[in-house]
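Coordinates in review
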Amino acid sequence: MIGGGSTGAGVARDAAMRGLRTVLVERKDLADGTTGRFHGLLHSGGRYAVKDPDAAKECIAENVILRRTASDCIEDTGGLFVCTPWDDPAFGDEFVAGCRATGVPVEEIRVAEALRRAPRLHPGTSRAFTVPDAAIDPWKLVWGCARSAEEHGAQILLYHRVLGLERDGRRVTGALVRNELTGEELRIHADVVINAAGAWAGQIAELAGCRVNVLPGKGIMIAMNHRLVNTVVNRCKMPADGDIIVPIRTVCVVGTTDTRVADPDELEVTQAEVGEMLDEGEKLVPSFRRARALRVWAGARPLFSLEEVSDTREVTRSHALLDHRERDGVEGLVTITGGKTTTFRLMAEVAVDAACEQLGVDRSSRTAEEPLPGSEDGRFYFLGSRLRAREPVPQTDEIICECELITRERLEETMRRRGSANLDDIRRTLRLGMGPCQGGFCTYRATGILHAVERLDHRAANASLVSFLQERWKGVHPILYGDQVRQARLDDWIFQGLLGVQHLPT
Amino acid sequence: MTYDTIVIGAGVAGLTAALRLADEGKRVLVMAKGVGSTHLAPATIDVLGFDPGPVASPAEALPAFTSANPEHPYARLRPGLIAASVEWFKERLPAIGYQGGLEENFLLPTAVGAVKPSALVPETMAAGDLRTGGQYAFVGLGLKDFYPAYLAANLAQAQPDGHAVSARSIEVSLPLAGRPDGSSAGLARMLEEPSVRDALVRELSRKLERDERVGFPAVLGLARAGEVWRELETRLARPVFEVATLPPSVSGIRLYNAMSSALREAGGRIHVGEPVVGAETSGGRVEAVITQPTARASTYRADTFVLATGGLASGGLQLDSYGGVSESVFGLPLADTPPPGGPRFLPDYFAEHPLNRVGVAVDDRFRPIDAGGQAVYENLHASGATVAGAYPWREASGNGLSLATGYAAAAAILEGAS
């Protein structure tokens, strides 16, 4: 199994649950690629109801399943589609018809009721519709799948890059991978290789001489410091840039754009794109530009197309399963690409079905029924859960990251479990440094603790600190204004003035 | 009531200007949105630490530095003023017990074990000077804002001043029962209790080697810092020093307390929590400033005004979402702004970002000037991080700039009056 995004982790889990001996290889960390770089929307399907009915049907079916099986990763925020003064109210009728035709539950509500649910919405909103959108935490989801896969006997190899696919004539028999941390190379034999490398799937398929036309579509997103809305709000119009705000965890995220890029590893965010996103945010929530923006990032959608297209918005959001036996005459290789995080489970299921067929194994998927670890009680995540865990009893444990309420005990336990010298890995697991100060206070503390827990030498600890600062800065510098520029300048004083980290050897 | 001078901002720059003027018998009012950046930074007076390599003697390095950086605020100061301000500061605040001067920088360990040159240091930090070499033990007190093992690991490799020092760490647990999640300030107050110090001395005496000097996070007392530090030196029978760490800065709070009480004793007034939101001006003069602490606006009149509201960090300068940067009180023209449409920040965190040196340009009397070089208001002076042209967190010149420019603004006002 190649790729540690939601699809890859989902495949590993599904395959392991069917009793297949499974190993997952990921070149970086779990959910480091597109899965960890989206807005966090669990689609109801409403977004595609008019334009891409097949995608809409897949979304609503999976939405219902995930609410049951991955409840701990989901905050049930609900969603609205609204006609702002810039949108044609008549599109609302088309939208409702599309939802009805694809099975997406939809209901028109009074504008006054919409404004009660989301008081910061534009007061000139003319129509509003409810749909079962929700927020889904990608890291929790992927780690949940990975843990479950391991419980079923799968092996997860992080920071292992695929260098080549092993061939025996027309058959793929495994992969040559390199441990990116130690440089050690490893040959893995496999009867079937599943390529779920997402936007990178074309690169992997090429290693077997197969051409897979994956178009990386860049989307940028901006996280705001406050939940300006507590329910997902979508513009009620055809999909376009900046048409959604998703409240997730302690922030809300405005997204997104769709630009075709050549290389999914080169996703630059421009000032112009940021400006456009803020202007679109302003149409949904007036004064959006005066709210505090925390961070901007870009993800690469894996859009699969049979032919060359210029506008990536025109490519279906449905997934594509490629069995390279019929397509390219190559046995032992299955590619699963396209799709969305919302439909990851289905993608995993069909990919493992195809693998089972090649293996001559007749066992069916159980992921639609069996909940992920942590979701057994069917209760949705709620925003106050970390506070609730701390509040009732006086605690002596220190809070190392105040923004995200991470205790020293939890941080140390995670560091020991992950065994990584990379604070960004810890961030993806615990949300370290993802709050308003963007690591201003916790980076030094976490480095001091990491130095002790991992017994790092001074250079390695310094490298952890400096690379975390650089990683945080990457998403901060294009959106620095208002209060966040004050925060960034305070951070400069702390790291460069007070601590002098620029003088440390790495 | 009419004041001689109203100072806007209660950081080192504003308080320096106010104290100098009050000492000369002027009626002075300091108005501030909140306590200044004193609470965020250590109380050391760094005049010039890096250019770009470590500076051994600011006195020797400054002439070359100012001629290479003619737009730097230091280049606006008349010769001898920095030295005069440093000597005055040292003498005027005996409670802090400043050591050193312009001739030689101390080399102090930072909380990550980097080495920072500093001109004036509080007596509680002076024994951390790495130029003397020798053996150092750093004591963690279970404070989440201080990691002595990491500090020692870096310092042991640092070779400050060309020769190695030996450094190690010791963890000591204080009786913290019932005091969860201790902050620096909380720990500082605890250490003012004799029983806590007894426990600390008891445990440390067993763990220290004979010739080790001993470093603590900067939490050795708040109101009675000198006393706590002296007692530890006596009872541990060795040099004891503090290492500055994350905000809130206990040593900075002590500095604020020392400066604000000196100002009050000299007859000055301070209104903290009363932000200035605008001004009345006429005929090229500032007549009054306007505050709005509650629903009703108030007007305060004075003959001269000092703007010491700080830079982007403290809100004296603001950057909007369209990339426009502005001065918050008077809307003064700004210098060192990035070219329109160009980037304000660069992708490399440690790069010199185009917006770093933004601020108001000033004349030789530290009055903000327009693009033509004319004073915007004849009776308005600026000091501290509001002034353009410096890169203090990299030069290690933060409090030095605030002190010297605050001192210079006061000097200009006093000369204008005489």
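Residues numbered from 1 in each chain as written. Chains lettered and ligands numbered in written order. Predicted model: local features only at pLDDT ≥ 70, side-chain atom pairs only at ≥ 80, totals over all residues.

Observations concerning the overall build of chain B
Within chain B, the regular secondary structure consists of 11 helices and 17 strands. In terms of overall dimensions, chain B is globule-like: its C-alpha atoms have a radius of gyration of 22 Å, near the 22 Å expected for 418 residues. Counting all 418 residues of chain B, 53% fall into the buried class. (Helix = DSSP H or I, 4+ residues; strand = E, 2+ residues; numbered from the N terminus. Rg over C-alpha atoms; globule rule 2.2 N^0.38 Å. Buried ≥ 20, exposed ≤ 12 C-beta atoms within 10 Å, placed from the backbone.)

As for the sheet that holds strand 7 (residues 134-136) of chain A
Residues and elements named next belong to chain A. Across the sheet, three strands lie side by side as 2-7-3; this open sheet has antiparallel pairing. Edge positions in the sheet fall to strand 2 (41-42) and strand 3 (74-75), since each has one partner strand and no second. Pairing of strand 3 with strand 7, which is carried by two bridges, proceeds in the antiparallel orientation. Its bridge partner being in strand 7, E75 is matched across the sheet by A135. (Pairing = 2+ DSSP bridges.)

With respect to the sheet that holds strand 19 (residues 319-323) of chain A
Residues and elements named next belong to chain A. The strand order 12-20-19 describes an open sheet built from three strands, whose pairing is mixed. Of all strands in the sheet, those with a lone pairing partner are strand 12 (193-195) and strand 19, marking the two edges. Averaged over neighbouring strand pairs, the angle between their axes works out to 15° when direction is ignored. On top of the sheet, helix 9 (residues 344-359) reaches strand 12, strand 19 and strand 20 (333-338); it is set at about 165° to strand 20, its chief contact. (Axes fitted to C-alpha atoms, helices over the stretch in contact; angles between N-to-C directions. Contact = placed C-beta atoms within 7 Å.)

So, the environment of R197 of chain B
Residue and element names in this part refer to chain B. Its location among the elements puts R197 in helix 7 (residues 194-207). Along the backbone, R197 and L232 are 35 residues apart, and their C-alpha atoms lie at a distance of 7.9 Å. Aside from chain neighbours lying at most four places away, what touches R197 is L191, V228 and E231.

Looking at the interface of chain B and chain A
Between chain B and chain A, the residue contacts involve 35 residues of the former and 44 residues of the latter. Every element with two or more residues in the side of chain B that touches chain A is listed here: strand 5 (115-118), helix 5 (148-158) and helix 10 (392-395) of chain B. Among the elements that take part in the side of chain B that touches chain A, helix 5 of chain B stands out by supplying five residues, more than any other. For the side of chain B that touches chain A, the class distribution of residues is 22 nonpolar, six polar and seven charged. (Nonpolar A, V, L, I, M, F, W, Y, C, P; charged D, E, K, R; others polar.)

So, the nonpolar core
Counting residues in each nonpolar core, the largest one holds 298 residues, and the members touching the most others are A12, I194, I245 and A351 of chain A together with I8 of chain B. Top element by residues in this core is helix 11 (residues 398-417) of chain B. It accounts for 10 residues. When near neighbours in sequence (up to four residues on either side) are disregarded, A351 of chain A contacts V11, I194, A196, L321, V334 and I336 of chain A. (Core = buried A, V, L, I, M, F, W, Y, C linked by C-beta atoms within 7 Å.)

Brief notes about the domain arrangement of chain A
Residue and element names in this part refer to chain A. Domain annotation of chain A identifies domain 1 (33-136 + 214-307) and domain 2 (385-503). On a C-alpha basis, the centres of domain 1 and domain 2 stand 29 Å from each other. Contacts between the two partners involve 14 residues from domain 1 and, on the opposite side, 12 residues from domain 2. Listing elements by their share of the side of domain 1 that touches domain 2, those giving two or more residues are helix 7 (271-284) and strand 18 (293-304). Looking at the side of domain 1 that touches domain 2, the element that brings in the most residues is strand 18, giving five residues. Of the residues contributing to the side of domain 1 that touches domain 2, the split by class is seven nonpolar, four polar and three charged. (Domains from an automatic or database assignment.)

Brief notes about the domain arrangement of chain B
Structurally, chain B comprises domain 1 (2-93 + 254-417) and domain 2 (126-243). Distance from the C-alpha centre of domain 1 of chain B to the C-alpha centre of domain 2 of chain B: 34 Å.

A closer look at the packing of helix 11 (residues 408-418) of chain A against helix 13 (residues 442-453) of chain A
Residue and element names in this part refer to chain A. Running from amino to carboxyl end, helix 11 crosses helix 13 at an angle of 50°, the nearest separation of the two axes being 10 Å. Between helix 11 and helix 13, the angle falls in the class oblique. As helix 11 packs across helix 13, the resulting crossing turns out to be right-handed. Listed contacts from helix 13 to R408, L411, E412, M415 and R416 of helix 11 are A446, I449, L450 and V453. Residues that form the contact of helix 11 with helix 13 fall into these classes: six nonpolar, no polar and three charged. (Parallel < 35°, antiparallel > 145°, perpendicular 65-115°, else oblique. Left-handed = near helix turned anticlockwise from the far one by under 90°.)

Remarks on unusual backbone geometry
Going from D51 of chain B to P52 of chain B, the amide bond is cis rather than trans, its omega being -20°. For the bond from P247 of chain B to P248 of chain B, the omega torsion is 0°, close enough to zero to count as cis. Turning to its location among the elements, P248 of chain B is positioned in the loop between strand 10 (240-243) and helix 9 (250-265). Although it is not a glycine, R431 of chain A adopts a positive phi angle of roughly 70°.

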